[in-house]
Structure formats: structure tokens, C-alpha cells
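Residue strings, one per chain:
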Amino acid sequence: PSMPGIYQWSIDRVGEQIDDLLNAGITRIILFGIPGKKDEVGSDSYLELGIIQKTVRKLKVAYPELLIITDICFCEYTDHGHCGVLHENDLHNDTTLILLGRQAVSHAKAGADMVAPSGMIDGMVGEIRTALDIADFEDLPIMSYAVKYASAFYGPFRDAVDSTPQF
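Rules used throughout
- Going along each chain's sequence as written, the residues are numbered from 1 onward.
- Residues qualify for local features only when their pLDDT is at least 70, as the model is predicted, and side-chain atom pairs are given and counted only at 80 or more; totals for whole chains, interfaces and linings, by contrast, use all residues.
- Side-chain calculation: all heavy atoms of the structure are included, whereas hydrogens and water are not.
- Working definition: with a 1.4 Å probe on protein chains only, accessible area under 20% of the residue-type maximum means buried, over 50% means exposed, and in between means partly exposed.
- Secondary structure counts use DSSP, requiring at least four H or I residues in a row for a helix and at least two E residues in a row for a strand, with both numbered from the N terminus.
- Pairing between two strands is assigned when DSSP locates at least 2 bridges connecting them.
- Residues belong to one nonpolar core when they are buried, are Ala, Val, Leu, Ile, Met, Phe, Trp, Tyr or Cys, and are joined through side-chain atoms within 4.5 Å.
- The contact definition used throughout considers only heavy atoms, calling two residues in contact when any of these lie within 4.5 Å.
- Here, axes are lines fitted to C-alpha atoms. For helices the fit covers the stretch in contact, and angles between N-to-C directions go from 0 to 180 degrees.
- Each angle receives one of four descriptions, namely roughly parallel if under 35 degrees, roughly antiparallel if over 145, roughly perpendicular if within 65 to 115, and oblique otherwise.
- When the near helix sits turned anticlockwise from the far one by under a right angle, the crossing is termed left-handed; a clockwise turn instead gives a right-handed crossing.
- Under this grouping Gly is polar, as are all residues other than the nonpolar Ala, Val, Leu, Ile, Met, Phe, Trp, Tyr, Cys and Pro and the charged Asp, Glu, Lys and Arg.
- As used here, the arc is the angular range of directions from the helix axis to the C-beta atoms.
- Any N or O atom pair separated by 3.5 Å or less is treated as a polar contact, with the protein-specific requirement of one donor-capable and one acceptor-capable atom, and with residues adjacent in sequence counted only for side-chain atom pairs.

Q: How would you explain the pairing of strand β5 (residues 114-117) if you had to name every residue and give the values?
A: Along β5, one buried face is formed by Met114 and Ala116 and the opposite face, lined by Val115 and Pro117, is buried too. Where strand β2 (residues 67-72) lies against β5, four bridges are found, and the strand directions are parallel. Within β5, the position partnered with Ile72 by the bridge is Pro117.

Next comes the structure, spelled out in C-alpha cells:
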């Protein structure tokens, strides 16, 4: 409701939107995942059968010309709404970094053309680069865009993905 005209699209209907985008000349997209089940560590974000991984694979088959960027973060996957793993009501940076690397690699394996970390976790780009390099994705670009926090869209984004932090 806070972003009129913006909708969530399920994996079975996302193709309808891609057809419209391609017809308008738009060949690059960024995907944000909203899993069916959230947990304390955002595990759907790095599972082979996670919502983003399934969507990327489907779109790459149907639209090979489409450049797919995937959001790398945890707020939309965690049941507490924070952008990482919590320990005693504090975000645990090092544990979160490891999982950000796993998430990026899983998106790359699914066929993402670029990963875009949006959290503000110390060392995230370096950790993601290392994880991608180890997994033989040395040429996969990383586009960090943590500036979204200063955007008027950040609040509505949190609303759209049902991820308002609990504290």
C-alpha cells in the first residue's frame, strides 16, 4: 500500500512482467526474494531451492537475453526483519558475512549475472568477492547499493517485503 502501482509477483506470474519490460526495451532487472517461510538466519536466501534461485533459473531459460541482478541481504528472509544473524539482540557481523557469501554463490550458481548487496555489514563486499572467487565466479560483478537507506523508497520496501525490524 505504501508503493502504489508496485506489486509482488509470484514465480508463476513473473514472466508476464518480463514480457512487458522487454517489449519496452528494458533488458536488466533486479530481483528481491520474499520466501514462503522466514527463519532466524534467512536460510531461504542461500538454499538451492530458494525463491530467488528458482526464479533466476526459470527466467534464464525463458529469457536468456535478460540481465538478472539479485539483491543480497537478509531482511526480507529473516523472521525478525534485521539484515543478518542476531546474537543476544545484536547483529553478529562475522556470521552474517559468511551467510552473505553463501547467498551470493547460490545466486551465481543459479545463473545471476550480477549480485547487489544492499545491507550495511562491515566487510560484506570483500567477503562476497572472496566467496565468489573461491566458487569460480571471479568475473561476476558486485554492485553494492547501500545508499537505499537514504532513499524515500526504503520504508515502502520494508513494507513490501514484510520485514520491519522487531526492535
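Read on for the rest.
Q: How would you summarise the nonpolar core if you had to cite specific residues and measurements?
A: Residues Ile72, Leu100, Ala104, Val115, Ile128 and Leu132 are the most contacted members of the largest nonpolar core, which totals 17 residues. Mapped by element, the contributors of at least two residues to this core are α3 (93-110) and α4 (124-134). If one sorts the elements of this core by residue count, α3 sits on top with six residues. Aside from chain neighbours lying at most four places away, what touches Ile128 is Ile72, Leu100, Gly101, Ala104, Val115, Pro117 and Ile142. By size, the runner-up hydrophobic cluster in this structure holds twelve residues, among which are Ile29, Val56, Tyr77 and Ala110.

Q: Describe in detail unusual backbone geometry, supporting the description with residues and values.
A: With phi around 55°, Glu88 is a residue other than glycine that occupies positive phi space. The residue Glu88 is located in the loop between β3 (86-87) and β4 (90-91) in this model.

Q: Now, about the packing of helix α2 (residues 51-62) against α3: what can you tell me, with residues and values included?
A: Between α2 and α3, the least distance of the axes is 8 Å, while the angle of their chain directions is 20°. Relative to α3, α2 is oriented roughly parallel. Like other packed secondary-structure pairs, α2 and α3 cross with a definite hand, here right-handed. Of the residues in α3, those in contact with Ile52, Gln53, Val56 and Arg57 of α2 are Ser106, His107 and Ala110. Residues of the contact of α2 with α3, tallied by class, amount to three nonpolar, three polar and one charged.

Q: So what's going on with α4? Which residues, and what values?
A: Think of an α-helix as turning once every 3.6 residues; residues three or four places apart then point the same way. Regarding α4, the residues found buried are Met124, Ile128, Ala131 and Leu132. Buried residues of α4, seen end-on, are gathered within an arc of 95° and therefore sit on one face of the element. Buried residues belonging to α4 abut β2, α3 and β5. Following α4 by one or two positions, Asp136 has its phi on the positive side, about 70°.

Q: Explain the packing of α3 against α4 to me, using residue names and the numbers behind them.
A: The contact between α3 and α4 brings their axes to 8 Å, and the two run at 50°. As the angle between them shows, α3 and α4 are arranged oblique. Crossing of α3 over α4 shows right-handed handedness. Here Leu97, Ile98, Leu100, Gly101, Ala104, Val105 and Ala108 of α3 lie close against α4, whose contacting residues are Met124, Glu127, Ile128, Ala131 and Leu132. Its residues placed into classes, the contact of α3 with α4 shows ten nonpolar, one polar and one charged.

Q: Give me the environment of Thr27: which residues, what numbers.
A: Its place among the elements puts Thr27 in the loop between α1 (14-23) and β1 (28-31). Spatially, the C-alpha atom of Thr27 lies 7.2 Å from that of Glu65, the residues being 38 residues apart in sequence. Contact partners of Thr27, with chain neighbours within four places excluded, come to Leu22, Glu65, Leu66 and Leu67. Within the structure, Thr27 has its side chain in polar contact with the side chain of Arg28 (distance 2.5 Å).

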